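Coordinate inspection notes
Residues per chain, in single letters:
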Amino acid sequence: MRIVGMAALLIAAPASAQGLNAEQADAIVKGCAAHARAKGQGHAIAVVDLGGHPVAMWRMDGNAFGMMDFSLEKARAVAAWGFATSGMEEAAKGTPGFADAPHVVTVPGGIPVFSADGRTRLGGVGASGEAPADDAACAAAGIAAAGLQSERAR
């Protein structure tokens, strides 16, 4: 009986209460793309939920083969580990075996997505196709444009 009650609560709960929704993911992609256009750049952008499932993806003009796959891997790495890919290189150096763990990407451009209040991790964003620092800046700009946070509230 309890399981049925819990299932009913989950079904009745709004999508935003369960995690990253399509509207938020769309806003992230559009915010990242606007940031990139303003800088004369083009990125492949992937937004995933906590399970690493794609919610929104967009390949801007000018990206080479493989950039979309790389942005998706960055987003999935962040969803799996909960911290930016820019920190994974240092983590790999300091933690034996981490570099060989699943979903580890040691190139900047993957940023976690947290709720507007910074308390709930929702998923990850990956951007690829430009210099790693520009990829990371694009992802962060997209998250901010959606009214969400790229860091956990302290």
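As a reminder, the structure under discussion sits directly above these lines.
Description of the structure in this document. (Residues numbered from 1 in each chain as written. Predicted model: local features only at pLDDT ≥ 70, side-chain atom pairs only at ≥ 80, totals over all residues. Heavy atoms only, no water.)

Right, let's get into the packing of aromatic side chains. All told, the structure shown has two aromatic pairs when counted by the stated rule. Centre to centre, the rings of W81 and F98 are 4.8 Å apart; their planes meet at 75°, and the pair counts as edge-to-face. With W81 in helix α4 (residues 67-81) and F98 in the loop between α5 (88-94) and β3 (110-114), the pair connects residues that are 17 residues apart, well separated along the chain. Overall, the relative accessible area of 8% leaves F98 in the buried class. (Phe/Tyr/Trp six-rings, centres within 6.5 Å; stacked < 30°, edge-to-face > 60°. Helix = DSSP H or I, 4+ residues; strand = E, 2+ residues; numbered from the N terminus. Buried < 20%, exposed > 50% of the residue type's maximum accessible area, 1.4 Å probe, protein only.)

I28, V47, V113 and V125 are the most contacted members of the largest nonpolar core, which totals 22 residues. Of all elements in the fold, only α3 (22-38), β1 (44-49), β3, β4 (121-128) and α6 (132-145) reach the threshold of two or more residues within this core. The element best represented in this core is α3, accounting for six residues. In this structure, V113 is in contact with L20, I28, T120, R121, L122, G123, G124, V125, I143, L148 and Q149, ignoring residues within four places of it in sequence. (Core = buried A, V, L, I, M, F, W, Y, C linked by side-chain atoms within 4.5 Å. Contact = heavy atoms within 4.5 Å.)

Right, let's get into the state of the cysteines. Taken as a whole and assessed by the stated rule, the structure comprises one disulfide. With a sulfur-sulfur separation of 1.8 Å, C32 is cross-linked through a disulfide to C138. Here the disulfide of C32 and C138 is right-handed, its torsion about the S-S bond being about 105°. Of the two residues, C32 sits in helix α3 while C138 sits in helix α6, which places them 106 residues apart along the sequence. Assigned by exposure class, C32 and C138 land together as buried. (Disulfide = S-S within 2.5 Å.)

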